[in-house]
There are 2 protein chains.
Amino acid sequence: MPALALETYPLWQEAKGVLPLISMKEAESLILSSLEHLPAEHINADQAYQRVLRHPIFADRPAPPFDRVMMDGIAIHSSSTSKSFIISGTQAAGAPALHLNQPDHCLEVMTGAPLPSGTDTVIPVEQIEVSGQRATLLPDTTFEPGQFIHRTGSDCAANTTVLPEGIKLGPMELAIAASVGATEMSVSKLPSIHLLTTGDEVIDPTETPTDFQIRRSHPSALIPLIEGNKLGKVKHLHLADDPDAIEQALASSLEQADVLILTGGISMGKFDWVAPLLRKHLGEPHFHGVAQRPGKPFAYWKSHGSPSVFALPGNPVSVTATATRYLLPALMTMLGMKPTAQRAPLAGDFLWSAPLTGILPYTMQDGCITLHPPRNSGDYLTLAGKQGFAVVSEPKKQYTAGTLLDIYPFF
Amino acid sequence: MPALALETYPLWQEAKGVLPLISMKEAESLILSSLEHLPAEHINADQAYQRVLRHPIFADRPAPPFDRVMMDGIAIHSSSTSKSFIISGTQAAGAPALHLNQPDHCLEVMTGAPLPSGTDTVIPVEQIEVSGQRATLLPDTTFEPGQFIHRTGSDCAANTTVLPEGIKLGPMELAIAASVGATEMSVSKLPSIHLLTTGDEVIDPTETPTDFQIRRSHPSALIPLIEGNKLGKVKHLHLADDPDAIEQALASSLEQADVLILTGGISMGKFDWVAPLLRKHLGEPHFHGVAQRPGKPFAYWKSHGSPSVFALPGNPVSVTATATRYLLPALMTMLGMKPTAQRAPLAGDFLWSAPLTGILPYTMQDGCITLHPPRNSGDYLTLAGKQGFAVVSEPKKQYTAGTLLDIYPFF
């Protein structure tokens, strides 16, 4: 591959002090401003869990849609001077509203029933004594006229927006959609994501490694991280450190995918073909090299009509840290969500002695986070039981307890 | 149904001041101590996302399994006095370790490769000048003997537990499992959950409601809340407020399900058949009536050999609050997780004026929660965009900013 002049490549120039690394914020901003929104698709509500809504959903009726009885008991008119009422009927939920026309009568009413016409007040069963066809208020019972009635439209008027565009449809949102009859909706199409892992030392987890091989773990983390959060559909292919194989797979994925993720082969090794080949196909990257640990060799390409290409460094901690920090927010943005920065305070003092911005696994307790720095970017065992990655943006700094850090949870 | 003496029923007695409501903590404790662990099943790792592991997973080899090169560069022996080395070969990742036997020679090494024998130090490419077959240290280059080598077993020894029993398998845990070759595992079987919704006023969301009907929303919330968190498989059936229909469905579900959820029909209305029929089949409940808002009529049954039966009050806020507060932790416990209480501090002062423990929707920002009390237990529109429910345990209390509350997130 003599055409690939690795030595003239940006990361090498940075290594020689020619080119500065860019900051995490610059990298994020370059990615987010390059993204294109995904098209929408029409689906049934029972397929909509965790999908991103592409239009507001409105109340088709006021909420509640009728004057709704809120307690089991009796309905009376508050102008009555009686303390004891003849029960002239029973107002069940799911039945049309009855009518009361005698001031010394009442109607038994059930929670969820429409308020009978001619009544304006509900007395709960706790405050009455029923004997035969007569209900008598217990001694000292007082009531507010209008009590225990959930009035038509008191939660919202018809045509109010109950779910805004861009919201992720969780359990509560799906219940709200059902309640207004939105049994179909338009949501963002899931991006087609190709994951190309590289590395001659990496074998399938079902195979037995030799002394100098390791098992492949990137897809086991990235596929659930993406698909479990309903941020895309992932197709995975592993490639040897062979420029022809990589170029062929790249060419095909650049045609087919909305997003392309590569892991490994992006640093300064002699067999790191990913960057030179991507440059050949897509020209210069938006950036290559970020002042962060782990994940310094991270590169990103996006040219018009091409997929967004995330080339992640190959160590397992680097892969999961950069994917959580950059890839997931990018996918959310493509899907039409407005991912707001989440922050949480440090539980204790923390010394970050590295000369780069850190991306560190955290656990949260009582609203505060504890950082668990891996010993190195290969030390993925540290990640068990962690909840996401937090950013210590300033290098070589003593952080004090309570400092708010940006956090990127796995869910 | 003359056999069902509703008037002798516990909640009625409580209403008349005979029987006290139990506290939230008592209810929780009665539920948790009644639960049975689910059996395990053997599955492939690619099906294991969010499942609960039923045995520890051990490292099959030390991690890393060999002295792993951590930087692209050259490997030398630190005892050499040379500053310039003849490159006698290239050590790729995925190839057996080479051997260096001349002190003024070096081997090119790539990240992830095994350290060549006869070397003990890696010099990164940033610190060398390569010319032809010779690598020369840049002026002022110093190094620590042993640097940039990820030593065999330095993350963990062989047979170390890398994932404990009872952990939920998220993306990071699945990557760790893959890395040690755990491509199959034993996980807790998902409970078979029957959801029986009731209410004559409730129609299918695809139908057009009359003036006195509402659309069914409980399954739209509960199914994703349970299945989206991989806590069970839900089968749903809607029942009219008809004792024969309810009894028939109950009898069948009590035979088939591990967990039975009923919504509605559990309060003191004339058509509230759920509790009397459950009493007929299962005897007295563990409790019926909890000093909480919403969800006061909540009841729970569990007799030997029967499913755990959660009878939730029918208002949508009551259903989601009690399911999130009690049902999800119960399912986690049945699955073998040890759900630790999560807490978060209040963002601002909060007055809880109700005479019962509150279960209120919250949002979290910067590690602190803000409560969003619904206007009433029918006001489910408040739930849009909320992250879970928080508990204000003491009635009629002014809570100050910073007070830690128990939280129950939806995810």
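In this report, the structure presented in the accompanying data block is examined. Since the structure is predicted, the reported quantities are computational estimates derived from the model, not experimental observations.

## Things to note about helix α7 (residues 316-334) of chain A
All names here are of chain A.
- The terminal C-alpha atoms of α7 lie 25 Å apart, and with 19 residues this matches the ideal 27 Å at 1.5 Å per residue to within 8%.
- α7 sits mainly inside the fold: 18 of its 19 residues count as buried.
- Looking at the residues trailing α7, positive phi occurs at Gly336, about 95°.

## A closer look at the sheet that holds strand β17 (residues 259-263) of chain A
Residues and elements named next belong to chain A.
- If you trace the 6 strands from one edge of the open sheet to the other, you get β16-β13-β17-β21-β20-β18, paired in mixed fashion. Here the strands that pair on one side only, and so sit at the sheet edges, are β16 (233-239) and β18 (287-288).
- Sheet topology places strand β20 (residues 299-301) next to strand β21 (residues 308-312); 3 bridges connect them, and they run antiparallel. Paired with Ala299 across the two strands is Ala311, which belongs to β21.

## Observations regarding the state of the cysteines
- Following the criterion strictly, the structure yields 0 disulfides over all chains and no others.
- Summary of cysteine pairing: B:Cys368 is not part of a disulfide, and the nearest cysteine sulfur, belonging to A:Cys368, is at 7.9 Å.
- What makes B:Cys368 partly exposed here is its relative accessible area of 25%.

## Section: the sheet that holds strand β9 (residues 134-137) of chain B
Residue and element names in this part refer to chain B.
- Spatial strand order, β7-β4-β6-β5-β9-β8: 6 strands in an open sheet with mixed pairing. With one partner strand each, in any of the chains shown, β7 (121-124) and β8 (128-131) form the two edges of the open sheet. Averaged over all pairs of adjacent strands, the angle between strand axes in this sheet comes to 40°, irrespective of strand direction.
- Bridge count for strand β4 (residues 73-76) against β7 is 4 bridges, and the pairing is antiparallel. Opposite Ala75, over in β7, you have Val122 as the bridge partner.

## Description of the packing of aromatic side chains
- Applying the stated criterion across every chain, the model contains 16 aromatic pairs over all chains.
- Each ring, one from A:Phe287 and one from A:Phe298, has its centre 5.3 Å from the other, and the planes form 80°; the classification is edge-to-face. A residue pair is termed long-range when its members are at least 10 positions apart, and A:Phe287 in strand β18 and A:Phe298 in the loop between β19 (292-293) and β20 qualify at 11 residues. With respect to burial, A:Phe287 and A:Phe298 carry one shared label: buried.
- Ring centres of B:Phe389 and B:Phe410 lie 5.8 Å apart, and the angle between their planes is 80°; on these two criteria the pair is classed as edge-to-face. Here the residue B:Phe389 occupies a position in strand β26 (residues 388-392), and B:Phe410 occupies one in the segment after β28 (404-409), the gap between them amounting to 21 residues. B:Phe410 carries the same exposure label as B:Phe389, and that label is buried.

Cut-offs applied
- Residues numbered from 1 in each chain as written.
- Chains lettered and ligands numbered in written order.
- Predicted model: local features only at pLDDT ≥ 70, side-chain atom pairs only at ≥ 80, totals over all residues.
- Heavy atoms only, no water.
- Helix = DSSP H or I, 4+ residues; strand = E, 2+ residues; numbered from the N terminus.
- Expected span 1.5 Å × (residues − 1).
- Buried < 20%, exposed > 50% of the residue type's maximum accessible area, 1.4 Å probe, protein only.
- Pairing = 2+ DSSP bridges.
- Disulfide = S-S within 2.5 Å.
- Axes fitted to C-alpha atoms, helices over the stretch in contact; angles between N-to-C directions.
- Phe/Tyr/Trp six-rings, centres within 6.5 Å; stacked < 30°, edge-to-face > 60°.

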